[in-house]
Amino acid sequence: MLSVVLSGLRARWASFLGGFLALALGVGLLTTMGLGLSATFHAPERSPERFASSPVVVQGQDRLTLDVRRGPNTVPVSQRLDRPQPVDKELLRELRTRWPLTEAGGPDAVGLDAPADEVRALVGDRAQVLTGDARRNADPDPERDAQALVGLNALLGTTGGVTAFVSVFVVASTFAFAVALRRREFGLLRTAGATPGQVRRMLLAEATALGVLASAAGCALGAAGAPLLARALVDGGLAPEWFAVGDAVWPFHLAFWTGLTVALAGAVAASRRAGKVGPTAALREADVDTDVLPLGRALLGAGLLLTGLGLLVWTYATEPSELLKRKTYTTLPMLLIGGVALLSPLLVRPVARLLRLRGAVGTLVRENSAASVRRTAAVAAPVLVTVALAGTLFGSAASVTQTRGVEAREQTTAQYVVSGGDLKPVAATALPAGAVASPTASTSLFVRDGAEAVVKYGARAVADPAAFAELARLPVVAGDLRDLDDRSIVVNEEFERHRIGETVEIWRADGSGPVRLRVVAVLALGTGDNGPYVTRANAPGAPLDRIEASGGAATARALEASGGTVRTAAAWAAADHPASSPQTRLGMILVLGIALVYTVIGLANTLLMATSVRGGELASLRLAGATRAQILRVVTGEAVLATAIGTLLGLAVTAAVLGTLGAGLASLSAPVALVLPWAVVGAAAAVCATVAVASSALPAWRLTR
């Protein structure tokens, strides 16, 4: 058996090359992503900066701790405050009477050179006592390193998931198509006395040998590529300057065994089908495909498709805001893509027969594509994957971002918006007659969600409620914005208590509270930026960062005294909600690039294999009077038609995802601004068509010499 397997691998190395490259690339990418992920789990250990010379630091409380219910008991839950509380003045006096204090950068912390135990005994629970490496918590933005890795962790995880998904798909498709081309070989083996079990074991042995070699090569490729990825992420602004891959071992084990499992999983279904080939298949001459959709593939495809559609509908019906999150519009389309791709043999023949191609060449293209369902579906499927990923990823991200920009512009009647940090209020006397200015600040509110959780909400603090109510055009579903005052709050429908007149218990951004505020208006949820709103009395210490104003050019000149950037409302909305950040765009290009590389490998491998065994068919066409140019047009036309079918199926998946996203936005009372990225989809389809034409024309040209 082993000698037969090795002989087969040597004799048919070209047909295994595509699967080897796809699997090696997949394992290499998984190794690279795994090494990158391992480096994102822990931020680097930094030395204290602000109080580097002080062995002990006393800092105000920087967390709000509340008791919540967990089963029959209660446990404390902490949420980080926007900024630490100032150290109590009485405590400072007590500390100063005993030790010299070092003050640096604000009232929230002081340093001192004293025994830590004595300081803790004096401070008690009035503040935090930090020693050793914990003194870093008193530095500005102490969690900046960990926060910088959050987005990178999500990007590498998403890319690794796409890599695994596409590699499984391409490798399984390659094995399935290779088995379909070897039916006569299996028939001869059966005629020579081979049992179905021996045929299956031979294919599994081939897959094992291919998987071991490709996985080992992929691990070596990943080890070399991980430092290059880290450098590219840093240069592209996706990772902080200090980011570098480590020496973790688990990514190599995970990638190797995943690659081997993928190879075997891709061969299992194909080996079962090969085992069913009878001895009479050696005498079969007909090239019309039959039994192109086995029961197992049909059930799996239908299950994935129905699951994907069901989850889309369920998410829309229960939590439409989840449709706006990257995790949702990245993972759910994969179920739809997998389901449609597995069921593509059912769609290829009717779609091809519906086309009315003119002339003898057009007729041959249509009929050959409809007859050779396996070949057409094997070409269309990887195109479907690339086009659908391009449409859903880029389309969903662009649609969400554009919707937020439109929503922000529609929620104010102001002509000008000033933005910046710590703005200066503009005196009413400095504004021209009839002009209105509404200053607001960014703050946070902490609210109990039932008895089991504490939720931190990003909120806006209003300095002038009357001006705010005049300029705001928020999606109010109940109540009146004009009723907002120091004892009330404007909430959205996400709040547990969102009826007019109900009381909401909140803790302020500095941890003070609880404060009971009456609900005076309720807003639709929108894209997630609608409320809550309070007055500045409930946002102590929050600096002004936005001023909305009505009026003409004189108003714009008066607003310049605030010290911020003055823009028209439309320009502010465009700047605050850009089409996509360079980092986001680079991340999506990375994901799409992986899918496109796999598609190129799958297309080239499939068409090179498929066309190279059509020597008899092409010779018959020459004998029937077809010229060499006509034969090349037939072969390349079939490739273009299969690519077009895959593109149409990918657009259908894109339409389903974007359509559900649009329905979700409408249910959230947000503007629907869907974007179909025609340029990206067109470029992906064009690359696929180019590779398909070249991969089919080259062997056809050689066979018709």
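Residues numbered from 1 in each chain as written. Predicted model: local features only at pLDDT ≥ 70, side-chain atom pairs only at ≥ 80, totals over all residues. Heavy atoms only, no water.

## A word on the packing of aromatic side chains
Phase 1: Tallying each qualifying case throughout the model produces 3 aromatic pairs.
Phase 2: Seen in terms of ring centroids, Phe256 and Trp257 are 5.1 Å apart; in terms of plane orientation they differ by 90 degrees. Their pairing is edge-to-face.
Phase 3: Arranged with centres 4.4 Å apart and planes meeting at 20 degrees, the rings of Tyr457 and Phe495 form a pair that is stacked. Here Phe495 lies in the loop between strand S11 (488-492) and strand S12 (503-507) and Tyr457 lies in strand S9 (residues 453-462), a separation of 38 residues in the sequence.
Phase 4: Exposure remark for Tyr457: the relative accessible area of 12% places this residue in the buried category. (Phe/Tyr/Trp six-rings, centres within 6.5 Å; stacked < 30°, edge-to-face > 60°. Helix = DSSP H or I, 4+ residues; strand = E, 2+ residues; numbered from the N terminus. Buried < 20%, exposed > 50% of the residue type's maximum accessible area, 1.4 Å probe, protein only.)

## Quick word on the packing of helix H11 (residues 344-354) against helix H13 (residues 373-410)
Phase 1: The contact between H11 and H13 brings their axes to 9 Å, and the two run at 110 degrees. With respect to each other, H11 and H13 are oriented roughly perpendicular. Residues Ser344, Pro345, Val348 and Arg349 of H11 lie in contact with H13, whose contacting residues are Val373, Thr376 and Ala377.
Phase 2: The residue inventory of the contact of H11 with H13, partitioned by class, reads 4 nonpolar, 2 polar and 1 charged. (Axes fitted to C-alpha atoms, helices over the stretch in contact; angles between N-to-C directions. Parallel < 35°, antiparallel > 145°, perpendicular 65-115°, else oblique. Contact = heavy atoms within 4.5 Å. Nonpolar A, V, L, I, M, F, W, Y, C, P; charged D, E, K, R; others polar.)

## A few points about a nonpolar patch on the surface
Phase 1: Where nonpolar side chains cluster on the molecular surface, the patch consists of Phe41, Trp250 and Leu254 and spans about 320 Å² of accessible area.
Phase 2: Position of Trp250 relative to the elements: it lies in helix H8 (residues 250-275). (Patch = residues over 30% accessible without salt bridge, like charges linked within 9 Å, V, L, I, M, F, W, Y side chains within 5 Å. Areas by Shrake-Rupley, 256 points an atom, 1.4 Å probe, with all protein chains shown as cover. Salt bridge = Lys/Arg side-chain N within 4 Å of Asp/Glu carboxyl O.)

## Here's the deal with the environment of Ala138
Phase 1: By secondary structure assignment, the location of Ala138 is in the loop between strand S6 (128-131) and helix H5 (144-181).
Phase 2: Between the C-alpha atoms of Ala138 and Arg46, which are 92 residues apart in sequence, the distance is 12 Å.
Phase 3: Beyond its immediate stretch of four places on either side in the chain, Ala138 contacts Arg50, Phe51, Val57, Gln59, Ala109 and Leu130.

## Concerning the sheet that holds strand S5 (residues 109-112)
Phase 1: Across the sheet, 4 strands lie side by side as S4-S5-S1-S6; this open sheet has antiparallel pairing. Every other strand in the sheet has two partners, leaving strand S4 (101-103) and S6 as the edge strands with one partner each. Put simply, the sheet's adjacent strands are angled 30 degrees from each other on average, direction ignored.
Phase 2: As defined by bridge partners, S4 adjoins S5 across 3 bridges and the pair is classed as antiparallel. If you follow Glu103 over to S5, its bridge partner there is Val110.
Phase 3: Of the strands in this sheet, strand S1 (56-59), S5 and S6 touch helix H4 (residues 116-123), which is tilted by about 170 degrees from S6. (Pairing = 2+ DSSP bridges.)

## Notes on helix H7 (residues 196-235)
Each α-helix winds once per 3.6 residues, and so residues spaced three or four apart point in a common direction.
Phase 1: An ideal rise of 1.5 Å per residue puts 58 Å on 40 residues; H7 measures up with 55 Å between its terminal C-alpha atoms.
Phase 2: At Gly225, H7 is deflected by roughly 35 degrees, the largest bend along its length, and proline Pro227 occurs up to four residues later in sequence.
Phase 3: Immediately beyond the C-terminal end of H7, within one or two residues, lies Gly237, with a positive phi of roughly 80 degrees. (Expected span 1.5 Å × (residues − 1). Bend = angle between axes of the 7 residues up to and from the residue.)

## Some points on the environment of Val212
Phase 1: The topology assignment puts Val212 in helix H7.
Phase 2: Judged by relative accessible area, which is 36%, Val212 ranks as partly exposed.
Phase 3: A sequence separation of 343 residues divides Val212 from Thr555, and the C-alpha atoms of the two residues are 71 Å apart.
Phase 4: With sequence-adjacent residues up to four places away left out, Val212 is seen in contact with Phe256 and Leu260.

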